[in-house]
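# Analysis of the macromolecular model
Listed here are the chains, written in short residue letters.
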Amino acid sequence: MSENTYRRFTLGQRIEHTLLIISFTLLGLTGIPQKYAGSGWAETLIAWMGGIEQVRALHHAAAVMLILEACFHFIAVLYRVYVQGARFADILPALKDIQDFLAAIAYNLGLRRERPRYGRYSFDEKIEYWAVVWGTAVMILTGFMLWNPIATAKWLPGEFIPAAKAAHGGEALLAVLSIIIWHMYHVHVRHFNRSMFTGKLTHEEMVEDHPLELARIEAGMKREVPSELADRRRRIFVPAAGALTVVFLVTVYWFVNLEVTAITTVPPQPTQVVFQRAIPQATPTASQVAVVNIPHKLSDHENCLRCHAQGTIRPFPEDHTGYGNELCLNCHVPMPGAEQRVAPGGQVPSFATDIDPALEENCVVCHGVAGGLNLSGYSWLRAGGDAGAVVAPGQPERSLIIQVLESGHFAELPAEAETALREWIAAGVPNN
Amino acid sequence: MKRWLIVGVGLLLLWPASLVQAAPPLQEGAGRAEPDNEFCLRCHSNPQLTTHFANGDVLPLHVDADTYESSVHGREDVQCVGCHADITGFPHPPLAASDRRDYQLDRYRSCQGCHPKQYEQTLDSMHARALAAGNEEAAICTDCHGAHDVRPPDAPRERISFTCAQCHAAIFDVYRNSVHGAALLEGNPDVPTCIDCHGVHSIADPTTVQARLRSPRICGDCHADAELMDKYGISTDVFDTYLADFHGSTVQIIEKVSPDQASNKAVCYDCHGVHDIRPADDPQSQVMKGNLLKTCRKCHPDATSDFPNAWMSHYRASPDQYSLKWAVDWFYRLLIPGLVGFFVAFVALDVGRRTLNRWRRGGEA
């Protein structure tokens, strides 16, 4: 490039600007959708960035980047001003900025023929610079409160936190809009100013945008700090900057790690007992309704009506009149263990009370003194009949009287009596 | 003589037995396609009638005719065999179930014949899942609605919560003392019963992330309803102010963006309680001013005394309350349009002048 160029930004400043672009863009992208949570576009953006937790992690990472850049900028400005002798006044707002602003408006309105002539930094650049400084300060301060609300509430009233949130969101919106309107217009739209990337301005650009600075340069009014002085100042600056760096880093570390439970909260506690019956449910037990279930075994008791028809030993209720044997077991079923129960009570039946009367009533009409077998009394029974012994003590199944009854003797003993007879034989035919 | 005697006595003894065998079995029901209720009640009106299962469980077989006839099914003249479809007459087929619960778990499936929609809804429910996981105590249709005594479940309305209380007694005891439960028992028609929050047949697991995320909208259904809340002088801002704060906006985002993401972000019930919600001025309320710090500390154990003020208690900032936030809001409400307006105006002027200059230069050339 044959054209004469003027250095505007150092490499360090250009790197700072790049860091600012990255952190600012990330902060805006991750922050603005949080401000407008609830609107569709915000949700789309958040989903695109991997969900709210990731968005917040990115936001925090970008915030750390911006804070570190701000710290670096502070030290770099110190260096440029103190060691290199840069004119800090160049960037400070001055009366001339107001005059320039009014002049610019007058020129744009056609009230003035000439555009105002700017020095190193025009009023619109100063507006932008100080807006960034102010905005960053507000964002760091309020961001700290939002990041560390518990710590903040220790030192400040709790209501500072919603106020900080409002300020953080408002300032963010202002910053983004300023960048889009003011910055974009002045360095990209009006004409594309590459100096922040190349570090240089052409002579033409200097004439257009910074004529007073150009005049100063051409007049040889470059402010140079004598190298000896610069060296001495550098010797002071380096340890001071080192100490400042340590202070900044410690502060940032503290900022980031101050508290945990504001963000990573304790999981909710387990809740109460879910299942508990109001009243322990009274499940009816067999004993409560034993009357309708069969307490005895069914083998040898196939004819229910023998004992349970009306007019028998244990008659069924009157409303069962007309029911036949085939119906009983539909409703009445043996109680658990009934098959093992041979007789109520489980005691050895008495010959005198359980067996003799039954024999007397059911058998003796035939098997009396006149027949081949006399069953009218203990000794007759033990003596047996024409066919020999009818009871085998301890062995009901081998006893002829049981065998005959089982084989279908036309007359039967009542079931209870037959059961008693079996048990009595099993017990050894006691004369009791 | 002896032979005569034997034959005579034999005939005499046989007579009752032959009479019994000749008695006709009950064929009235079996002869028809469907036994009617009257036929069934001939046996089943007997209060003593029971049967029991192999494990000793007793199944009462008694059906009270009056109870049934006043039930929703009785009034519609639904027949016994409408549900007991396996019964076609007498004798009945043997019981296949091994115990009483087994029998109930088999029988209740007949409900789907007439109520397929409700039955299908229950299949997604927490109860059905517990049942499928082997918990036989999990509620089935008849546990809530009854069997022969089905009445409208919400007549009176508190009956709904009493029904749930049968199995969730501990929770009901808490609920009955809450602002909602106490009002319900006084006959208030507006407060939620169990099902208004938990749903009816498709009762979902309330401990899932999804249920947590959805819950603010359940509360909001009533608490953002101006007509309803006006009756009790309750602010309807509660829902919007919740969404405007960290907890609410985060929950809202998570629900929309990543509904399966594990989250413990506070929802209404984390602060107000679940079944024990009380009015905010009740000394026992978790959100009553004096108790708020303890409530915050459930999730933020390091919180100190002024931390609860970081939450604006559903208020909107005003000069009287949270005035700092009110001032900040107004500051930016004025600053943003002011500055942006200035930027736009300045840029517009600059663009206008430059366009004019270019046009003039073009004109001169």
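Presented here is an overview of the structure given in this document. Because the structure is predicted, anything quoted here is derived from the model rather than measured.

Criteria and thresholds
- Residues numbered from 1 in each chain as written.
- Chains lettered and ligands numbered in written order.
- Predicted model: local features only at pLDDT ≥ 70, side-chain atom pairs only at ≥ 80, totals over all residues.
- Heavy atoms only, no water.
- Helix = DSSP H or I, 4+ residues; strand = E, 2+ residues; numbered from the N terminus.
- Buried < 20%, exposed > 50% of the residue type's maximum accessible area, 1.4 Å probe, protein only.
- Contact = heavy atoms within 4.5 Å.
- Areas by Shrake-Rupley, 256 points an atom, 1.4 Å probe, with all protein chains shown as cover.
- Salt bridge = Lys/Arg side-chain N within 4 Å of Asp/Glu carboxyl O.
- Polar contact = N/O pair within 3.5 Å; in protein donor to acceptor, adjacent residues only side chain to side chain.
- Core = buried A, V, L, I, M, F, W, Y, C linked by side-chain atoms within 4.5 Å.
- Patch = residues over 30% accessible without salt bridge, like charges linked within 9 Å, V, L, I, M, F, W, Y side chains within 5 Å.
- Disulfide = S-S within 2.5 Å.
- Phe/Tyr/Trp six-rings, centres within 6.5 Å; stacked < 30°, edge-to-face > 60°.
- Lys NZ or Arg CZ within 6 Å of the ring centre and 35° of its normal.

## Some thoughts on the overall build of chain B
Helix and strand counts for chain B stand at 21 helices and two strands. When the 365 residues of chain B are sorted by exposure, 37% land in the buried category. Taking all contacts inside chain B whose residues are at least 6 apart in sequence as the whole, residues at least 24 apart take part in 51%.

## Some points on the overall build of chain A
Helix and strand counts for chain A come out as 17 helices and two strands. Here chain A, with 432 residues, has 41% of them falling under the buried criterion. Pairs at least 24 apart in sequence give 66% of the contacts found in chain A among residues at least 6 apart. Summing over all exposed atoms, chain A offers an accessible surface of approximately 23700 Å²; the carbon and sulfur share of this is 63%.

## Some words on the interface of chain B and chain A
With 83 residues of chain B in contact, the opposing surface of chain A contributes 88 residues. One can count three salt bridges joining chain B with chain A. Put simply, Lys256(B) and Glu43(A) hold a salt bridge, and the shortest N to O gap is 3.3 Å. Between chain B and chain A we count 13 residue pairs in polar contact (both at pLDDT 80 or more) in total. Put simply, the parts of the chain that give the side of chain B that touches chain A at least two residues each are helix 1 (2-22), strand 1 (50-52), strand 2 (58-60), helix 12 (169-175), helix 18 (246-257) and helix 21 (323-364) of chain B.

## Examining the nonpolar core
One finds Leu381(A), Ile401(A), Leu421(A), Trp424(A) and Ile425(A) to be the most contacted residues of the largest nonpolar core, which totals 22 residues. Listing elements by their share of this core, those giving two or more residues are helix 14 (351-362), helix 15 (378-383), helix 16 (400-406) and helix 17 (415-426) of chain A. At five residues, helix 17 of chain A tops the list of elements feeding residues into this core. Sequence-distant contacts of Ile425(A), defined by excluding residues within four places in its chain, comprise Val391(A), Ala392(A), Pro393(A), Gly394(A), Gln395(A), Pro396(A), Ser399(A), Ile401(A) and Ile402(A). Within the second largest apolar cluster, 19 residues are counted, among which are Ala163(A), Ala167(A), Ile336(B) and Phe343(B).

## Examining the side chain of Ser285(B)
All names here are of chain B. Relative to the helices and strands, Ser285 resides in the loop between helix 19 (268-272) and helix 20 (289-297). Owing to a relative accessible area of 2%, Ser285 belongs among the buried residues under this scheme. Within polar-contact distance, the side chain of Ser285 engages the backbone nitrogen of Val287 at 3.1 Å. Here Ser285 is in contact with Arg278, Pro279, Ala280 and Asn291, once residues within four sequence places are set aside.

## Examining a nonpolar patch on the surface
A surface patch of nonpolar side chains, amounting to about 350 Å² of accessible area, comprises Ile21(A), Ile22(A), Phe192(A) and Phe197(A). Take Ile21(A): it is sitting in helix 1 (residues 11-35).

## Side note on the state of the cysteines
Counted according to the given criterion, the structure contains zero disulfides over all chains. The cysteine Cys197(B) is free of any disulfide, with Cys219(B) supplying the nearest cysteine sulfur at 6.5 Å.

## Quick notes on the side chain of Asn188(B)
All names here are of chain B. Here Asn188 is to be found in the loop between helix 13 (179-185) and helix 14 (194-198). A distance of 3.2 Å separates a polar atom in the side chain of Asn188 from the backbone nitrogen of Val191. Within the local environment of Asn188, its side chain forms a polar contact with the side chain of Tyr232, the two groups lying 3.1 Å apart. Once you skip the residues sitting within four places of it in the chain, Asn188 turns out to touch Arg157, Ala183 and Tyr232.

## Focus: the pattern of salt bridges
This model, assessed by the stated rule, comprises 26 salt bridges over all chains. Notably, a salt bridge pairs Arg107(B) with Asp86(B), separated by 3.6 Å at the nearest N-O pair. On the criterion of sequence distance, the pair formed by Arg107(B) in helix 7 (residues 100-107) and Asp86(B) in the loop between helix 6 (80-83) and helix 7 is long-range, its members being 21 residues apart. Classification of Arg107(B) as buried rests on a relative accessible area of 15%. Between Asp190(B) and Lys231(B) there is a salt bridge whose closest N-O contact spans 2.6 Å. Placement of the pair is Asp190(B) in the loop between helix 13 and helix 14 and Lys231(B) in the loop between helix 16 (226-230) and helix 17 (237-244), with a sequence separation of 41 residues. Since its relative accessible area comes to 54%, Lys231(B) is described here as exposed. The network of salt bridges with shared partners includes Arg8(A), Arg120(A), Glu125(A) and Glu213(A).

## Comments concerning unusual backbone geometry
Residues and elements named next belong to chain B. At the junction of Ala155 and Pro156, the peptide bond is cis and its omega measures out at -5 degrees in the coordinates. For Pro156, the location among the structural elements is in the loop between helix 10 (141-145) and helix 11 (158-165). Positive phi, normally seen in glycine, also occurs at Asp77, with a value near 60 degrees. By the secondary structure assignment, Asp77 is in the loop between helix 5 (72-75) and helix 6. Backbone geometry at Tyr322 places phi at a positive 55 degrees, although glycine is not the residue there.

## Quick word on the packing of aromatic side chains
Inspection of the entire model under this criterion finds 26 aromatic pairs over all chains. Among the aromatic residues, those joined into a ring-pair cluster are Phe101(A), Tyr118(A), Phe123(A), Trp182(A), Phe342(B), Phe343(B) and Phe346(B). Over the ring of Phe246(B) we find Lys165(A), and its NZ or CZ is 5.0 Å from the ring centre. Sitting over the ring of Tyr107(A), Arg353(B) keeps its end group 4.1 Å from the ring centre.

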